[in-house]
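# Analysis of the macromolecular model
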Amino acid sequence: MTARLLAILVAVVTVFGALLADFVIPGGADQHLRNDAWPPHAKFHDAQYIVMSILLGALALLLLVRPGGATPSRIRTSCAILATPWLGLLAAFLFPGTAIQDPEFDNPSPLGLHPQVLLAAILLAVLTTAAALVARENHVNSVDRRTG
């Protein structure tokens, strides 16, 4: 049950996070879709990321909240789906010429990480915890079945 709740929490953040940060909340939107310095094609790809995050979060949420959503398979699948946009954010650093923010902006955060990187690390840790809880529960249940 804890694993499912952790995954639901990450799903809700994934559904709303990019939309709020890149389009709705003024400080973030000014650096993204409402940034006049960004060319239309860059804005297109940010909008694509926002929609992708909403769809992946909603898909995982649907798997988790519909009847029978607490099965280990659904929780693991949901964790994998939810990890996709956050791993994508981190993997974007591997491409030449990319940066987490434009030079004219400064987004300090605790631990010296950009807020998006910090959020991605936290959410991936929560998903890893959820997956580990499911694996542990499966192991305990399989041992109980063999010894019971």
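The following refers to the structure shown. Starting afresh in each chain, residues are numbered from 1 along the sequence in its written order. Residues qualify for local features only when their pLDDT is at least 70, as the model is predicted, and side-chain atom pairs are given and counted only at 80 or more; totals for whole chains, interfaces and linings, by contrast, use all residues. Side-chain descriptors were evaluated using all non-hydrogen atoms of the structure, hydrogens and water having been removed beforehand.

## Let's talk about the overall build of the protein
- In DSSP terms, a helix is any run of H or I states spanning at least four residues, a strand is any run of E spanning at least two, and both are numbered starting from the N terminus. Broken down by element type, the protein carries 5 helices and 0 strands.
- Helices and strands appear in the protein in the N-to-C order α-α-α-α-α.
- Seen through its C-alpha atoms, the protein measures out along the principal axes to roughly 65 × 30 × 25 Å.
- With a 1.4 Å probe rolled over the protein chains alone, any residue whose accessible area is under 20% of its type maximum counts as buried; one over 50% counts as exposed, and the rest are partly exposed. A buried classification covers 32% of the 148 residues belonging to the protein.

## Digging into the nonpolar core
- Counting residues in each nonpolar core, the largest one holds 24 residues, and the members touching the most others are Val-10, Ile-75, Cys-79, Leu-82, Trp-86 and Leu-127.
- Of all the secondary structure elements, the ones that give two or more residues to this core are α1 (2-24), α3 (40-65), α4 (72-91) and α5 (115-147).
- Take this core: its biggest share by element is 8 residues, from α5.
- Contacts are residue-level and defined by heavy atoms, with any inter-residue pair within 4.5 Å sufficient. Beyond its immediate sequence surroundings of up to four residues, Leu-127 is in contact with Val-10, Cys-79, Leu-82 and Ala-83. What is meant by a nonpolar core is a set of buried Ala, Val, Leu, Ile, Met, Phe, Trp, Tyr and Cys residues, joined one to another through side-chain atoms within 4.5 Å.

## Some remarks on α4
- How far a helix is expected to stretch is found by multiplying one less than its residue total by 1.5 Å. Across its 20 residues, α4 extends 27 Å between first and last C-alpha, which sits within 8% of the 28 Å expected from 1.5 Å per residue.
- Its maximal kink placed at Thr-84, α4 deviates by approximately 35°, while the proline Pro-85 follows within four residues. What the bend at a residue measures is the angle between two axes, fitted to the seven residues ending there and to the seven starting there.

## Side note on the side chain of Ser-53
- For Ser-53, the location among the structural elements is in helix α3.
- What Ser-53 contacts, discounting residues up to four positions off in sequence, is Thr-14, Val-15, Ala-18 and Pro-85.

## Considering the layout of surface pockets
- Cavity and pocket criteria rest on a 1 Å grid covering protein atoms alone: a 1.4 Å probe that fits but cannot get out defines a cavity, protein on both sides within 12 Å along at least 5 of 7 lines defines an open pocket, and an atom within 4 Å of a point defines a lining residue. Grid points are joined across faces, edges and corners, and a volume is the space filled by probe spheres set on the points. The calculated volume of the largest pocket comes to roughly 1,100 Å³.
- The wall of the largest pocket is formed by 34 residues, among which His-32, Asp-46, Ala-99, Ile-100 and Gln-116 lie closest to the centre.
- Top contributing element to the lining of the largest pocket by residue count: α3, with 7 residues.
- When residues are grouped by polarity, Ala, Val, Leu, Ile, Met, Phe, Trp, Tyr, Cys and Pro land in nonpolar, Asp, Glu, Lys and Arg in charged, and all others, Gly among them, in polar. Class assignment of the residues belonging to the lining of the largest pocket gives a composition of 17 nonpolar, 14 polar and 3 charged.

## Structural notes on the packing of α1 against α4
- Angles run from 0 to 180 degrees between N-to-C directions of axes, and those axes are lines fitted to C-alpha atoms, restricted for helices to the stretch in contact. The geometry of α1 relative to α4 is characterised by a closest axis approach of 10 Å and an angle of 30° between their N-to-C directions. For the element pair α1 / α4, the angle class is roughly parallel. Judged by the sense of rotation from one axis to the other, the crossing of α1 with α4 is left-handed. Each of Ala-3, Arg-4, Ala-7, Val-10, Ala-11, Val-13 and Thr-14 in α1 lies in contact with α4, whose residues at this interface are Ile-75, Cys-79, Leu-82, Pro-85 and Trp-86. For this classification, under 35 degrees means roughly parallel, over 145 means roughly antiparallel, 65 to 115 means roughly perpendicular, and everything else is oblique. With the far helix as reference, a near helix turned anticlockwise by less than a right angle produces a left-handed crossing, and one turned clockwise produces a right-handed crossing.

## Side note on the packing of aromatic side chains
- Each Phe, Tyr or Trp ring, with Trp reduced to its six-membered ring, pairs with another whose centre is within 6.5 Å; inter-plane angles below 30 degrees give stacked pairs, above 60 give edge-to-face pairs, and intermediate values give tilted ones. In the structure shown here, the tally under the stated rule is 0 aromatic pairs.
- Only lysine NZ and arginine CZ atoms are considered, and such an atom sits over a ring when it is within 6 Å of the ring centre and within 35 degrees of the ring normal. Over the face of the ring belonging to Phe-23 we find Arg-34, whose NZ or CZ atom lies 4.3 Å from the ring centre.

## Observations concerning the environment of Leu-111
- Within the secondary structure, Leu-111 sits in the loop between α4 and α5.
- Residues Leu-111 and Leu-90, 21 residues apart in the sequence, show an inter-C-alpha distance of 16 Å.

## Observations regarding the packing of α1 against α3
- The contact between α1 and α3 brings their axes to 8 Å, and the two run at 160°. By the angle between their directions, the pair α1 and α3 is classed as roughly antiparallel. Between α1 and α3 the crossing geometry is left-handed. Taken together, the residues of α3 that come into contact with α1 (itself represented by Arg-4, Ala-7, Ile-8, Ala-11, Val-12, Thr-14, Val-15, Ala-18, Leu-19, Asp-22 and Phe-23) are Asp-46, Tyr-49, Ile-50, Ser-53, Ile-54, Gly-57, Ala-58, Leu-61, Leu-64 and Val-65.
- Counted by class, the contact of α1 with α3 contains 15 nonpolar, 3 polar and 3 charged residues.

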